[in-house]
Amino acid sequence: LMKYFPSAFHGENGSDPWNPVRALIDGFNNNRAKKVAASFRTVLDETMSSWSPTTTKFGGLPFLSFILRKPTPLGTEFKTKACTETGMFLNLEIQEGKMPMREKQYSKGLGATAAISMRLIEASEYSGTLSSERQRAKEIRKREIIIGDSFFTSRRLCVALQEKFGHEYFGALKTNHSGTPKIQVGEIMKDWPGGGYLVLVCEELRLFFVGYKYNYRKNVCFFLGTWNSGSTVPGEPYYAKWPDKYGNLLQRPVQRPDVIGQYFDKSNIIDVGNGLRQNELALERHWLTYNPWFRIDCTVLGICVTDAYLAAKYQAPTIAGFDTMSIRDYAMHTVYDLWNYKHSAQPRSMIRSTSDAVEVILPVEAEGSPMRSSGTSLEYIMEEHPICYTAQRTGSARDGKGQLVRRMCQMRADGCKGQITTECGHRKCKRKQNSALNKWGTTQGTFIC
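Right, let's walk through the structure included here. Since this is a predicted model, take the numbers as computed values, not measurements.

Right, let's talk about the nonpolar core for a bit. If you look at the biggest cluster of nonpolar residues, it comprises 33 residues, and the most contacted ones within it are Leu92 and Phe223. Those elements that provide at least two residues to this core are helix 1 (19-35), strand 3 (74-83), strand 4 (89-94), strand 6 (168-172), strand 8 (207-213), helix 8 (258-266), helix 9 (269-281) and helix 11 (292-315). With near-sequence residues (within four places) excluded, Leu92 lies in contact with Ile25, Phe28, Asn29, Phe78, Lys79, Thr80, Val300 and Ile303. Counting 27 residues, the second largest nonpolar core, distinct from the first, contains Ile146, Phe152, Val185 and Phe209.

This next bit is on the packing of aromatic side chains. Inspection of the entire model under this criterion finds 16 aromatic pairs. Look at Phe170 and Phe208: their rings are 5.9 Å apart centre to centre, the planes differ by 25°, and that puts the pair in the stacked class. A residue pair is termed long-range when its members are at least 10 positions apart, and Phe170 in strand 6 and Phe208 in strand 8 qualify at 38 residues. Its relative accessible area of 1% is what places Phe170 among the buried residues. When the ring of Phe223 is compared with that of Tyr263, the centres are 5.6 Å apart and the planes differ by 75°; the resulting orientation is edge-to-face. With a gap of 40 residues between them, Phe223 in strand 9 (residues 221-226) and Tyr263 in helix 8 connect regions that are remote in the sequence. Comparing Phe223 with Tyr263 shows no difference in burial state: the two are buried. Through pairs of rings, three or more aromatic residues link up here, namely Phe170, Phe208, Phe223, Tyr263 and Phe264. The ring of Phe151 carries Lys79 above its face, with NZ or CZ at 3.5 Å from the centroid.

Take empty space enclosed by the protein next. A probe as big as a water molecule, rolled over the atoms, marks out the empty space that is left. Taken as a whole and judged by the stated rule, the model has three cavities of 30 Å³ or more. Looking at the largest cavity, its volume works out to about 50 Å³. In terms of lining residues, the largest cavity is bounded by Arg41, Ile145, Ile147, Phe170, Ser229, Val259, Gln262 and Tyr263. With three residues, helix 8 is the largest single contributor of residues to the lining of the largest cavity. By volume, the second largest cavity amounts to about 40 Å³.

The side chains of a regular strand alternate between both faces of the sheet. Counting buried residues in strand 8 gives seven out of seven residues, a clear majority hidden from the surface. Going residue by residue along strand 8, you find Leu207, Phe209, Gly211 and Lys213 tucked away on one face and Phe208, Val210 and Tyr212 tucked away on the opposite face as well. Bridge analysis of strand 7 (residues 196-202) against strand 8 gives seven bridges, and the strand direction is antiparallel. What sits directly across from Tyr197, in strand 8, is Tyr212. In this antiparallel pair of consecutive strands, strand 7 and strand 8, the connection spans four residues, and Arg206 shows a positive phi of 55°.

The backbone of Tyr106 shows a phi angle near 75°, a positive value even though the residue is not glycine. You can see Tyr106 is positioned in the loop between helix 2 (98-102) and helix 3 (107-110). Overall, Tyr106 belongs to the buried group, its relative accessible area being 19%. Positioned with a positive phi, Arg141 is a non-glycine residue whose angle comes to about 55°. Relative to the helices and strands, Arg141 resides in the loop between helix 5 (132-139) and strand 5 (145-148). Owing to a relative accessible area of 37%, Arg141 belongs among the partly exposed residues under this scheme.

Further remarks concern the pairing of strand 3. The element strand 3 is largely enclosed, with a buried count of nine among its ten residues. Here strand 1 (residues 41-50) runs beside strand 3; their pairing, made up of nine bridges, is antiparallel. Directly across from Glu46, in strand 3, lies its bridge partner Lys79. Where strand 3 hands over to strand 4, the hairpin turn is made up of five residues, of which Gly87 adopts a positive phi near 85°.

A rise of 1.5 Å per residue sets the reference length of helix 11, with its 24 residues, at 34 Å; its end C-alpha atoms lie 35 Å apart and thus fit the reference within 8%. By the N-cap criterion, in which a side-chain oxygen at the helix start approaches the backbone nitrogen of a residue two or three places on, helix 11 is capped by Asn291, the distance to Trp293 being 2.9 Å.

Rules of the game
- Residues numbered from 1 in each chain as written.
- Predicted model: local features only at pLDDT ≥ 70, side-chain atom pairs only at ≥ 80, totals over all residues.
- Heavy atoms only, no water.
- Core = buried A, V, L, I, M, F, W, Y, C linked by side-chain atoms within 4.5 Å.
- Buried < 20%, exposed > 50% of the residue type's maximum accessible area, 1.4 Å probe, protein only.
- Helix = DSSP H or I, 4+ residues; strand = E, 2+ residues; numbered from the N terminus.
- Contact = heavy atoms within 4.5 Å.
- Phe/Tyr/Trp six-rings, centres within 6.5 Å; stacked < 30°, edge-to-face > 60°.
- Lys NZ or Arg CZ within 6 Å of the ring centre and 35° of its normal.
- 1 Å grid on protein atoms, 1.4 Å probe; cavity = no way out; pocket = protein on both sides within 12 Å on 5 of 7 lines; lining within 4 Å.
- Points joined across faces, edges and corners; volume = space filled by probe spheres on them.
- Pairing = 2+ DSSP bridges.
- Expected span 1.5 Å × (residues − 1).
- Polar contact = N/O pair within 3.5 Å; in protein donor to acceptor, adjacent residues only side chain to side chain.

Shown next as structure tokens:
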């Protein structure tokens, strides 16, 4: 894997410094644009693929970024866009260096920073185009709302986004404050109490500016948004918390505009995905390499696994315990299924049962409610359930003593004698088996003779 994986995604342009991963990134973006239907509200942020060179400046890469506030500050930086409902990434763009980024689309007219946002928004606009619903949204030019942190937010971006796509934007404003009343509002609000906010509107450009103070001792927070990106009426309050002199936790609600509450509720979506990938799945940490392209491949692979995990939790949280399953357990179950599960050449929905079908009990969906299905033969059942021999004994597993465990067969296929030593390796069957209080004792699951 480490030897051949980095050579699998070369692009077609040999003069491109990022050619070894260009096809991987482009394929990722094209696939997500077609197949991942996203919410009308999306978020922009950064993602890092950590890389620490030891002998050369960039360690074999054309460029490295350093972002001090990130958990892994040195490496390849991606600007990313994600769905705020599922958390799935929709688009990745490699930050190739100062001069190469200035040559990309929109850079000459808007500047490098606003151009990055425009490219991310355009590349995954109406994501999930294979869906008729998303095609309809594109035809009627349904508005989307994009939120972003202070790197992306600027007056240029808000104006260009409305003119080019007709979408809405709201984000925190810090350094890119040219053409906004940030300095004046900061002076006005410096002595305001916590919970106070000031709203200014620009009808000509259809923008509004918000200065908000959540704590008297803290600096003013600034936000910039387009006309219909949210409401400035008071919404869900922020709860300030602090310990009293006895160590008891006290709290009080601090009012804030509804649009700011929604911003803070969704703005960390990409950071959550990055945390799952970097800290829990941790492919980059375990697959050590001297090849920088393999490291980027691992990052994108980790993003795909994380997105599959988040999609499963969003779409069917109670199936197979996705709601309580860690991402590492999910990855292990997925690898096991891919390795052992025999897929039919025909989609399951197209397989029709016959009159002489054998009724079988498939994995238990919930306690006391088994899922029933029909198969035409025992061979068909075995295609659906990977079967393996079990050497589990009733005695100590360490010394190998005791008799082989005899389990009750729940399939009741022809020829079943009731006592078996083979078991199903499907994750739902395993889950039922491992739910026994005594893991060394006799357990019941779904087994085949």
